[in-house]
Amino acid sequence: MTRPMRIAVTGAAGQIGYSLLFRIASGEMLGPDQPVIIQGLELPVAMNALEGVAMELTDSAFPLLHGVEVADDPKIAFKGADIVLLVGSRPRSAGMERADLIRVNGPIFTGQGQAIDTVAAEDAKVLVVGNPCNTNCLIAAAQARRVPRANFTAMTRLDHNRAVGQLALRAQATPAQVKNVIIWGNHSSTMVPDTDRATIDGRSVPDLLDSAWLEGPFDETVRERGKAIIQARGKSSAASAANAAIDHIHDWFLGTGDQEWTSMAVPSQGQYGVPEGLIFSFPCRITGPWQYEIVEGLELSASVKSKMQATIDELASERETVKDLL
Ligand code: NAD
Ligand code: LMR
C-alpha cells in the first residue's frame, strides 16, 4: 500500500480550513491513489471548533483518509509532515491592504518556520496562504536550515485562476480552454497579470481580445478581486482560496497537464531582474513530482516590464519592514 502522506494545515478551523480539509481528504489534492493523514493546527481558543471539524472528517468516511490529528502546538502538528499548508493568520477587513497585516501576522511565521525545520519531513513542501503571503513565506523560509529553501512557496494561484476565469467569461469559453496565463510578483494590488502568451482554444489572447479591455478592466479586476469579494461577502475569499491551494499542490505534485506552466510564488534566484531571495510569482514549469523550474527567457512586453518594478519594489520594502524576523 502507498504510504499515507502527512498534511499539516494551520488555521484548520478557519474559513479556508473548513473548505480545504475535506478536499484534501477526498483525494482532490494528491490524486485518487494517495492516502493522507491530516494534522490540523489551531490556536488554543479554536481547539473545540477544530475537534468538531475532525469529527466531521471522520463522519465523511473518506476512503483515502487514514487519520486526523489535531494540536495547538506546531511542534506536534508539523511532526513528520510531508506537506505544510500555512493558512492560519488574520484576514484583512474592508479598507485594509494585505500588507497592513504584516506586523500582526509576520511573527506567526517565524515560530512556524522553526517548527517546520525542526520536526517536519526533511523534504517537506510548504505553501503559505496567510497574508501577506509572499513575505510571510520569506519569514518562514528564513528559518529553514534543514528543509530546502526552494520548498517554500506562496500562493498566487488564486490570482492565476481569477485571470483564467475572467478571460473565459469574456471570450465565452470554458476555463479549461484558457492556457498559459502568468501572474508576476506579489499577491497584492501590484501583481502583474500577463496574458501575452495566453491562448484560448489555441488562439492567442492578444489577437482575440481587445487590448483596452486587457489593459483596463481585466487587469484591474484580477488585481482587486480580493477586495471586491470582501466588499460583497463581508469576509475574504475562502472556497476559491482553498481551491487554489488544492490546485497549487496538485500541480506541483502531479503536473499541469496540457498547460505549459502555472503561477507560483517561489524564491527568486535573480530571474527577470528580481532580487535574489524575494518570494516572487513566476511562471513555473513542473518537470516531475515536486520539481518546479522557473520558466526563463520569456520576452516581456513594454507594458509588463513597466509594471514589474512596482511589484519588485513593494516586495523589497516588505522585506525591509520584517528584517528583524529574517
Ligand atoms: P479565518 O479567520 O476564517 O481563519 C483563520 C484561522 O487561523 C482561525 O481559525 C484562527 O484561529 C487561526 N489562527 C490564527 N493564528 C494562528 C496561529 N498562529 N496558528 C494556528 N492557527 C492560527 O481566516 P481565513 O479566511 O481562513 O484566512 C486565513 C488567511 O488566508 C488570511 O491571512 C487571509 O488573508 C489569507 N488568504 C490568502 C489568500 C491568498 O490568495 N494567498 C486567499 C484568501 C485568504
Ligand atoms: C484574496 O485575494 O481573496 C485574499 O488574499 C484575501 C484578501 O485579503 O484579499
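Refer to the structure above for everything that follows.
The rules behind these values
Residues numbered from 1 in each chain as written. Chains lettered and ligands numbered in written order. Predicted model: local features only at pLDDT ≥ 70, side-chain atom pairs only at ≥ 80, totals over all residues. Heavy atoms only, no water. Salt bridge = Lys/Arg side-chain N within 4 Å of Asp/Glu carboxyl O. Helix = DSSP H or I, 4+ residues; strand = E, 2+ residues; numbered from the N terminus. Buried < 20%, exposed > 50% of the residue type's maximum accessible area, 1.4 Å probe, protein only. Axes fitted to C-alpha atoms, helices over the stretch in contact; angles between N-to-C directions. Parallel < 35°, antiparallel > 145°, perpendicular 65-115°, else oblique. Left-handed = near helix turned anticlockwise from the far one by under 90°. Contact = heavy atoms within 4.5 Å. Expected span 1.5 Å × (residues − 1). Bend = angle between axes of the 7 residues up to and from the residue. Near = heavy atom within 4 Å. Polar contact = N/O pair within 3.5 Å; in protein donor to acceptor, adjacent residues only side chain to side chain. Areas by Shrake-Rupley, 256 points an atom, 1.4 Å probe, with all protein chains shown as cover. Nonpolar A, V, L, I, M, F, W, Y, C, P; charged D, E, K, R; others polar. Domains from an automatic or database assignment.

Novice: Explain the pattern of salt bridges to me, and be specific about the residues and the numbers.
Specialist: All told, the structure shown has 19 salt bridges when counted by the stated rule. The closest approach of N and O atoms between E69 and R6, which form a salt bridge, is 3.5 Å. With E69 in strand β3 (residues 65-71) and R6 in strand β1 (residues 5-10), this residue pair connects regions lying 63 residues apart in the sequence. Exposure remark for E69: the relative accessible area of 37% places this residue in the partly exposed category. With a relative accessible area of 26%, R6 lands in the partly exposed category. With a closest N to O distance of 3.3 Å, D210 and R170 form a salt bridge. On the criterion of sequence distance, the pair formed by D210 in the loop between α7 (205-208) and α8 (211-233) and R170 in helix α6 (residues 157-171) is long-range, its members being 40 residues apart.

Novice: Got a sec to walk through the packing of α6 against α8? Specific residues and values, please.
Specialist: Between α6 and α8, the shortest axis-to-axis distance is 10 Å and the interhelical angle comes to 130 degrees. Our classification of the angle between α6 and α8 gives oblique. Pair α6 / α8 crosses with right-handed handedness. Residues D159, R162, A163, Q166, L167 and R170 of α6 pack against W213, L214, F218, T221, V222, R225, G226 and I229 of α8.

Novice: Quick one: what's the story with α8, residue by residue and with numbers?
Specialist: Side chains three or four residues apart in an α-helix point the same way, a direct result of the helix having 3.6 residues per turn. Counted at 1.5 Å a residue, the expected span for α8 with its 23 residues is 33 Å, and the 31 Å between its end C-alpha atoms agrees. Maximum bend of α8: about 65 degrees, positioned at E224. Listed in full, the buried residues belonging to α8 are W213, L214, F218, D219, V222, R223, G226, I229 and I230. G234, located one to two residues past α8, shows a positive phi value of around 80 degrees.

Novice: A description of the site of ligand 2 should follow, citing residues and the corresponding values.
Specialist: As a matter of local geometry, ligand 2 sits amid R92, R98, N131, L158, R162, H187, G226, I230, S236 and S237. Side-chain polar atom of R92 to an oxygen atom of ligand 2: 2.5 Å apart, as the coordinates give it. The side chain of N131 places a nitrogen or oxygen atom 2.8 Å from an oxygen atom of ligand 2. Its free accessible area being 260 Å², ligand 2 has 94% of it covered by the protein chains. Residue assignment for the shell around ligand 2 shows that the elements contributing at least two residues are α6 and α8. Across the shell around ligand 2, the residue classes tally to two nonpolar, five polar and three charged. Here the shell around ligand 2 spans two domains, since at least three of its residues come from each of domain 1 (5-154) and domain 2 (157-321).

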